[in-house]
Amino acid sequence: MNTGASWPTPEEAEARVLHHQRKLHKWASTDETKRFRDLWNLVCDPATLLVAWRRVRDNKGSRTAGIDGVTRHHVEHRYGVERFLGDIRSSLRDGTFRPLPVKERGIPKRGGKVRYLGISPLRDRVVQMALKLVTEPIFESDFYASSYGWRPGRRTQDAIAEIVVLGNNTYDWVAEFDVEACFDRVDRRALMSEVERRVGDQKVLALIRAFLKAGVMTEAGRLERRLTGTPQGGILSPLLMNVALDVLDREFEHRWDEMSRYRGRRHYLASKGFPIYRLIRYADDCVVLVKGTRAQAEAVMAEVPPILGRMGLANSAAKTRLIHIDEGFTFLGFRVQRRPRPGRRPCVYTFVSDEALASIKGKVKALTRRNTTSLTLAQLIRRLNPILRGWAAHFRFAAAKRTFSYLGHYVWWRVARWLRKKHKGRNWKWLRRRYRLPGSPQEEGRVLFNPAGTRVIRYRFRGSKIATPWNDVDAQGARLRRTALDEPAFLGRLQESLVG
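Residues numbered from 1 in each chain as written. Predicted model: local features only at pLDDT ≥ 70, side-chain atom pairs only at ≥ 80, totals over all residues. Heavy atoms only, no water.

Visitor: Looking at this model, I keep getting lost on the overall build of the chain. Mind explaining?
Guide: Looking only at helices and strands, the chain features 19 helices and 13 strands. Here the chain has a C-alpha radius of gyration of 25 Å; the compact-globule value for 500 residues is 23 Å, and the two agree. A total of 500 residues make up the chain; the buried ones form 50% of that total. By sequence separation, contacts in the chain at least 24 residues apart represent 71% of the contacts at least 6 residues apart. Entry remark: accessible area of the chain is about 24,700 Å², with carbon and sulfur atoms responsible for 49%. Distance between charge centres in the chain, computed from 94 positive and 52 negative side chains, equals 9 Å. (Helix = DSSP H or I, 4+ residues; strand = E, 2+ residues; numbered from the N terminus. Rg over C-alpha atoms; globule rule 2.2 N^0.38 Å. Buried < 20%, exposed > 50% of the residue type's maximum accessible area, 1.4 Å probe, protein only. Contact = heavy atoms within 4.5 Å. Areas by Shrake-Rupley, 256 points an atom, 1.4 Å probe, with all protein chains shown as cover. Lys, Arg positive; Asp, Glu negative; His and termini not counted. Charge placed at Lys NZ, Arg CZ, Asp CG, Glu CD.)

Visitor: Which parts of the structure should I look at to understand the layout of surface pockets?
Guide: Think of a ball as big as a water molecule: rolled over the atoms, this probe shows where empty space is left. One number sums up the size of the second largest pocket: a volume of about 980 Å³. Around the second largest pocket, the lining comprises 35 residues; the ones closest to its centre are E140, S141, D142, F143 and K465. Secondary-structure elements contributing two or more residues to the lining of the second largest pocket are α1 (10-30) and α11 (237-259). Broken down by element, the lining of the second largest pocket gets its largest block of residues, five residues, from α1. (1 Å grid on protein atoms, 1.4 Å probe; cavity = no way out; pocket = protein on both sides within 12 Å on 5 of 7 lines; lining within 4 Å. Points joined across faces, edges and corners; volume = space filled by probe spheres on them.)

Visitor: Is there a simple way to explain the pairing of strand β7 (residues 285-291) in this structure?
Guide: Among the seven residues of β7, five are classified as buried, and the element is accordingly described as predominantly covered. Where strand β3 (residues 173-178) and β7 come together, six bridges link them in antiparallel fashion. What sits directly across from A175, in β7, is V288. Relative to β7, strand β6 (residues 276-282) is paired through seven bridges, and the arrangement is antiparallel. What sits directly across from I276, in β7, is K291. The hairpin formed by β6 and β7 contains two residues between the paired strands, and A283 there has a positive phi angle of roughly 60°. (Pairing = 2+ DSSP bridges.)

Visitor: Would you take a moment to explain the packing of aromatic side chains for this structure?
Guide: Here a ring pair, both rings aromatic, is described through the centre-centre distance and the interplanar angle of the planes. Per the stated rule, a full pass over the model turns up 13 aromatic pairs. With centroids separated by 4.9 Å and ring planes inclined at 80°, the aromatic side chains of F397 and Y459 adopt a geometry described as edge-to-face. With F397 in the loop between α16 (377-395) and α17 (401-422) and Y459 in the loop between β13 (446-447) and α19 (488-499), the pair connects residues that are 62 residues apart, well separated along the chain. For the pair formed by F397 and Y459, the shared burial category is buried. By the ring-pair criterion, three or more aromatic residues cluster together here, those being F334, W391, F395 and F404. In this structure, R83 is placed above the aromatic ring of Y79, and the distance from its NZ or CZ to the ring centre is 3.9 Å. Above the plane of the ring of Y410 lies K361, whose end atom (NZ or CZ) is 5.0 Å from the centre. (Phe/Tyr/Trp six-rings, centres within 6.5 Å; stacked < 30°, edge-to-face > 60°. Lys NZ or Arg CZ within 6 Å of the ring centre and 35° of its normal.)

Visitor: So what exactly am I meant to see when it comes to helix α7 (residues 156-167) here?
Guide: The terminal C-alpha atoms of α7, which comprises twelve residues, lie 17 Å apart, in line with the 16 Å expected from a rise of 1.5 Å per residue. Among the twelve residues in α7, eleven count as buried, and that is most of the element. Inspection of α7 places T156, Q157, D158, A159, I160, A161, E162, I163, V164, L166 and G167 among the buried residues, and these make up the whole buried set. (Expected span 1.5 Å × (residues − 1).)

Visitor: I'm lost on the sheet that holds strand β10 (residues 334-341) in this one. Help?
Guide: Strand pairing in a sheet takes place through backbone hydrogen bonds and is either antiparallel or parallel in direction. The three strands are arranged β9-β10-β11 in an open sheet whose pairing can be described as antiparallel. Every interior strand has two partners, whereas the edge strands, β9 (329-331) and β11 (344-352), have only one. On average, each strand axis in the sheet is inclined to that of its neighbour by 30°, with strand direction left out of account. One ladder, built from three bridges, connects β9 with β10; its direction is antiparallel. Paired with F331 across the two strands is F334, which belongs to β10. (Axes fitted to C-alpha atoms, helices over the stretch in contact; angles between N-to-C directions.)

Visitor: What's the story with a positive patch on the surface in this structure? I'm lost.
Guide: On the surface, a cluster of positive charge is made up of R426, K429, R432 and R433. By the element assignment, R433 lies in helix α18 (residues 428-435). Looking at R433, the relative accessible area reads 57%, which means it is exposed. (Patch = residues over 30% accessible without salt bridge, like charges linked within 9 Å, V, L, I, M, F, W, Y side chains within 5 Å. Salt bridge = Lys/Arg side-chain N within 4 Å of Asp/Glu carboxyl O.)

Visitor: Where do I start with the sheet that holds strand β2 (residues 114-119) in this structure?
Guide: What the four strands build is an open sheet, ordered β2-β1-β4-β5; its pairing is mixed. Pairing within the sheet leaves two strands with one partner each, and these edge strands are β2 and β5 (223-224). Sheet analysis places strand β4 (residues 216-217) next to β5, joined by two bridges and oriented antiparallel. Looking across to β5, one finds that V216 is bridged to E224.

Visitor: In this structure, what is going on with empty space enclosed by the protein? I would like to understand it.
Guide: Evaluated as defined, the whole model comprises four cavities of 30 Å³ or more. Roughly 100 Å³ of volume is contained in the largest cavity. Q128, F211, T230, P231 and S237 are the residues nearest the centre of the largest cavity, which is lined by 14 residues in total. Put simply, the parts of the chain that give the lining of the largest cavity at least two residues each are α6 (122-140), α10 (202-212) and α11. For the lining of the largest cavity, a count of residues per class yields eight nonpolar, five polar and one charged. (Nonpolar A, V, L, I, M, F, W, Y, C, P; charged D, E, K, R; others polar.)

Structure representation (C-alpha cells):
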C-alpha cells in the first residue's frame, strides 16, 4: 500500500473496498485452510477507513457518544472528517492506538430483565468497522448454510423457511434452546483460537484482543476489567460471536454431511431406526429438528452442552424444551405449527406469534396515549406509519391476513379515540368531516397506513446458496439466489425490536 496515499472519493473508496473483499472471499473459499497474514495494510487503507466512517455515520447510534463524548456532529462540523480519520490512521500505523472502555447502558427486556449494551467511542467504532470490512468476507466463507443471524443477505424468513421444509418432511420433534448470555460468557482464549484459524496477521489479532480487553465503564461510573465476553452492541461483536458459535454449527453440519453421504442415505438410516437431525441457528437462538423418536431427540439435545462448553458457553435451562411440531412452537417472532388438511398431507404453517402482536400493539398504544395529544394527526401518522409498514412487511410471509385485519381495526380505534381526546367537545360528525372518517384518518396529505391492505405472499426457501455482497450471482439464479426483498439491515433492526 502507498503510505502517502491521499483520501479517495466515497465512490472510489466503496469500489476499492468491494474489490478487496471479493478477492479475500474468493481466496478463502478456494482454500479452506488458508491463513491470511497480511491484512493490516487493508485495515489502515484510507479507502477502508472512509467506508468504515460512512457506515458508522449512517447508523443512528452515531448520535450517541462513548466515554470520550465525541459524536458524529462534533466530527463533521467541528473537528473535520479527514482530520479525524487521519488521526486514527496515524495511530494505527505507529502502534499507539488503544481502544477505550465501552460505556455500559441497561435496556429493559420483556419479562423484567435487562440487556446491557456497550457503547464504544466513535473512533473505536470506526476501527471495529474497518476490521469487520476486512475479516468478514474471510469468515463468511467458512460459515454454514444452517446459520442465519448476523450475516449479510440472510434473514429471519430464511431460517423459518428451512424449518417449514423440514417439518413438511416428517421432522417431527423440535428441540429449542437459547445460548445463555453468549456475549458475556464466551471464553476469549477459545474465541481467539477460532479467529486464528483464518487470521495470521499478528497486528490484526492484537487489535482484536485489545478490543476484547478494553473494559467497561458501568452506569455507576466504575471501570471494570472483565475476563470473559465481548461487549454486546459493539460493531465487531456479532461477527466474533458467529465465529464462536460456528463450533456448534460445524459439529452438527459434519453429522448432517455424514447422514447425507450419498443420495437416499438419510431415508435408509431412518428406515433402520436411526435419528436424522439438523440444526438451524439464528444468532444465539437455535432449534434442532429431529426425525425419530422423542428419546432420540432427547439424546441429541444432551450432546449440545459439551459442544457449547468448548467456548465457555451453555444453553439456557429456562429456554430449553422439546416439543412435537404438531403442538407448535414460537421462534423468532413466528408461531410454527403443523396442521392436518382434509384428504391431504399435514402441512406446516407459520403465524404471527402472540408476543409479536402484543409488541406492535404496545407501541401503537404508547404513541396514542393522552400525553401525545399535543401532536397534530399528521405528526402522529408520521410516527405510526413506519412502524406499521415495517411490521407488516416482516410478517407478510406468514398466514397473517386475519392478524393484519385485526391490527388495522385496533389501530383505527386507537387513533379515533386519540382524536376524541384531542378535540374535547367535538362530536363524531365534526371529526368525520375534519379527518375523512370512517375511512383511514388523514391530514395534510398523510394517510394512516392500514395493515389489512398488505398482500400476504409465500416465502420461497432459498436453499443453501444465498448470495453475499462478494460473490457473483448466476444469471439463472441456480447457483446463488438473491431477492429484491433483501433488506438485511432493516429487517435485523426490526427483528431485534420484535423478539429482543
